[in-house]
Amino acid sequence: MYDAAAPLTEAELRQLDAQYCSWGDTVHYVDQPKFFESCEGSYMFDAEGRPYLDLQMWYSTVNFGYANPRLNAAAHAQLNRLPQVASSHLHREKIELAALIARDVEAKFGRKGRVHFNVGGAQAIDDSLKIVRNSAGGRTRMFSFQGGYHGRTLGASTITSSYRYRRRFGHFGDTAHFIEFPYAFRGPKGMNKEEYGEKIVADFARLFESDFHAVYDVKAQQSEFAALYAEPIQGTGGYVIPPLNFFKGIKKVLDQYGVMLVVDEVQMGMYRTGKLWAIEHFGVQPDVMVFGKSVTNGLNPLAGVWARDELINPTVFPPGSTHSTFNANPMGTAVALETLRMATQGDYERTVPEKGAYFLEGLKELQRRWPQVGDVDGLGLALRCELCQADGFTPDKALMDRMVAEGLKGDLDVDGKPMGLILNVGGYYKNVITLAPSLEITKDEIDLALKLIDMLLARCVAA
């Protein structure tokens, strides 16, 4: 019988992984996934204690740094007081957290609402689909954006644009209608970002002008579509940042034709962009908002949905409308409550834009020196660096893959000491470094990050 208590080497662990673990997750996108033993601040550490500067922080989950002392203390305190309670009972952390979020949204957007919790972003997206469909009078179709990512559950897959997440699982009857997103770097030539966004809005509005565009019954004045799902900044799509006027134009069309706006803040929420909610930058009011990931800094699974009161109050969304055993678990809600308290007491609305601007200027300097850096952009500490061939435009996925693999070798020489770099792959062509460093990253660490990226470019472009 297998002795789980016996210490195992990494080689032995890999053998067990190959024999007993599902490879259906994303770990085995690479041949030899990296083992890590510890973490702190902006760094992961391997078994030899070698540091790896992390510029993706668990897909923008650990916004406030690994092993954040205040949040770890909150987790320990809850573990010692009330670590478990059935979701059929109340506990103070759930109510206080829901009230804090709902009051924040009301203060910023002028709309009363309620919060429903779940354990992960995709599950919260599924809950939001229930809320929208329940209130939409039988309408089940959704708009979403090309390049958008909302999760890989069956429900979330219907509004995620990548067909590869659906292909092997049969027919998806309610797959979204995907509209163009203003990806300016690969947009029409001769248009600036704002003009491109205005064109997309105009094309979207035109869908409602005639019955023959298949989204609106002109005589009945009703759309077949209940809502549009949108990330304020596309995450997995490559941290594509729309012009600031884009969502105002989209929302005007939605309001005119009775279609709701559902904002996915799972990756961009919690001050990633310099605001608690990324949609704050764009001057529109969401009808539904989904959040997750960094709300607990990665310490315990928790996500949730905020929705306008008329969509989610107990009369229209009664008990049992949706459920998960762990949906408002006390460990998650306690840490999330402390995360929000800590975040709102901090100075992130100033520090995140300042750090982001400094980092972006460094990326622009790399772009000036390396023709393979085709595009850089950023909002706060959500930054992108698109890798191309020497023409500065043709996507170069192979270069991206080499840089990720070389960074994980942990042999980059920094002042005579070996170090690694953790990068994340994103983008429509899987050629974009999506940078989501800790919001606590220092100027020295940003300088180090730029130095390490430069070293990887030097090593991998020549390969």
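Cut-offs applied
Residues numbered from 1 in each chain as written. Predicted model: local features only at pLDDT ≥ 70, side-chain atom pairs only at ≥ 80, totals over all residues. Heavy atoms only, no water. Helix = DSSP H or I, 4+ residues; strand = E, 2+ residues; numbered from the N terminus. Rg over C-alpha atoms; globule rule 2.2 N^0.38 Å. Contact = heavy atoms within 4.5 Å. Areas by Shrake-Rupley, 256 points an atom, 1.4 Å probe, with all protein chains shown as cover. Lys, Arg positive; Asp, Glu negative; His and termini not counted. Charge placed at Lys NZ, Arg CZ, Asp CG, Glu CD. Axes fitted to C-alpha atoms, helices over the stretch in contact; angles between N-to-C directions. Parallel < 35°, antiparallel > 145°, perpendicular 65-115°, else oblique. Nonpolar A, V, L, I, M, F, W, Y, C, P; charged D, E, K, R; others polar. Pairing = 2+ DSSP bridges. Buried < 20%, exposed > 50% of the residue type's maximum accessible area, 1.4 Å probe, protein only. Salt bridge = Lys/Arg side-chain N within 4 Å of Asp/Glu carboxyl O. Disulfide = S-S within 2.5 Å.

Asker: Would you mind going over the overall build of the chain in detail, with residue names and values included?
Answerer: Secondary structure summary: the chain contains 13 helices and 18 strands in total. The globule rule puts the C-alpha radius of gyration for 463 residues at 23 Å, and the 23 Å found for the chain is close to it. Dimensions of the chain along its principal axes, counting C-alpha atoms only, are 70 × 60 × 45 Å. For the chain, long-range pairs separated by at least 24 residues make up 71% of all intrachain contacts whose partners lie at least 6 apart in sequence. About 20,900 Å² of surface is accessible on the chain, with carbon and sulfur atoms providing 53% of the total. Taken as two groups, the 49 positive and 56 negative side-chain charges of the chain have centres that lie 4 Å from each other.

Asker: Lay out the packing of helix H7 (residues 193-206) against helix H8 (residues 246-256) in plain terms, naming residues and giving numbers.
Answerer: Between H7 and H8, the least distance of the axes is 9 Å, while the angle of their chain directions is 10°. Relative to H8, H7 is oriented roughly parallel. Together, Gly 197, Ile 200, Val 201, Phe 204 and Ala 205 of H7 and Phe 246, Gly 249, Ile 250, Val 253 and Leu 254 of H8 make up the contact between the two elements. The residue makeup of the contact of H7 with H8, split by class, is eight nonpolar, two polar and no charged.

Asker: Help me get a handle on the sheet that holds strand E12 (residues 303-308), residues and values and all.
Answerer: The seven strands are arranged E4-E12-E11-E10-E9-E5-E6 in an open sheet whose pairing can be described as mixed. What marks the edges here is a single partner per strand, and that holds for strand E4 (113-118) and strand E6 (177-179). Averaged over all adjacent pairs, the angle separating strand axes in this sheet is 20°, with direction ignored. For strand E5 (residues 141-145) and strand E9 (residues 225-230), the ladder comprises three bridges, and the chain directions are parallel. Directly across from Met 142, in E9, lies its bridge partner Ala 227. Sitting on the sheet, helix H4 (residues 92-109) touches E4, strand E11 (288-291) and E12, and the angle it makes with E4 is about 135°. Strands in contact with helix H5 (residues 121-135) are E4, E5, E9, strand E10 (260-264), E11 and E12; relative to E12, the strand with the most contacts, it is inclined by about 20°.

Asker: An account of the sheet that holds strand E15 (residues 412-414) is needed here, citing residue identities and associated values.
Answerer: Strand order in the open sheet formed by five strands is E1-E2-E3-E16-E15, with mixed pairing between adjacent strands. Of all the strands in the sheet, just strand E1 (38-40) and E15 have a single pairing partner and so form its edges. For this sheet, the mean inter-axis angle between neighbouring strands, taken without regard to orientation, is 35°. As paired elements, strand E2 (residues 43-45) and strand E3 (residues 51-54) share three bridges and run antiparallel to each other. Bridged to Phe 45 within E3 is Pro 51. Here helix H13 (residues 443-461) sits on the sheet in contact with E2, E3, E15 and strand E16 (417-422), set at roughly 140° to E15.

Asker: Break down the environment of Thr 442 for me, citing the residues and quoting the values.
Answerer: By the secondary structure assignment, Thr 442 is in the loop between strand E18 (432-435) and H13. Overall, Thr 442 belongs to the partly exposed group, its relative accessible area being 38%. Considering only alpha carbons, one finds Thr 442 and Ser 135, 307 residues apart in sequence, at a separation of 46 Å.

Asker: How would you explain the pattern of salt bridges if you had to name every residue and give the values?
Answerer: In total, this model carries 33 salt bridges according to the counting rule given. One salt bridge connects Arg 70 with Glu 338, and the closest N-O pair in it is separated by 2.6 Å. Taken as a pair, Arg 70 in helix H3 (residues 69-81) and Glu 338 in helix H10 (residues 330-345) lie far apart in primary sequence, 268 residues in all. Take Arg 70: its relative accessible area is 33%, and that puts it in the partly exposed class. With a shortest N-O distance of 2.9 Å, Asp 411 and Arg 459 are connected by a salt bridge. Of the two residues, Asp 411 is situated in the loop between helix H12 (397-407) and E15 and Arg 459 in helix H13; the sequence distance between them amounts to 48 residues.

Asker: So what about the state of the cysteines? Which residues, and what values?
Answerer: A full pass over the atoms with the stated rule returns zero disulfides. Looking at the unpaired Cys 460, the closest cysteine sulfur is the one in Cys 385, lying at 12 Å. By relative accessible area, which is 1% here, Cys 460 ends up buried.

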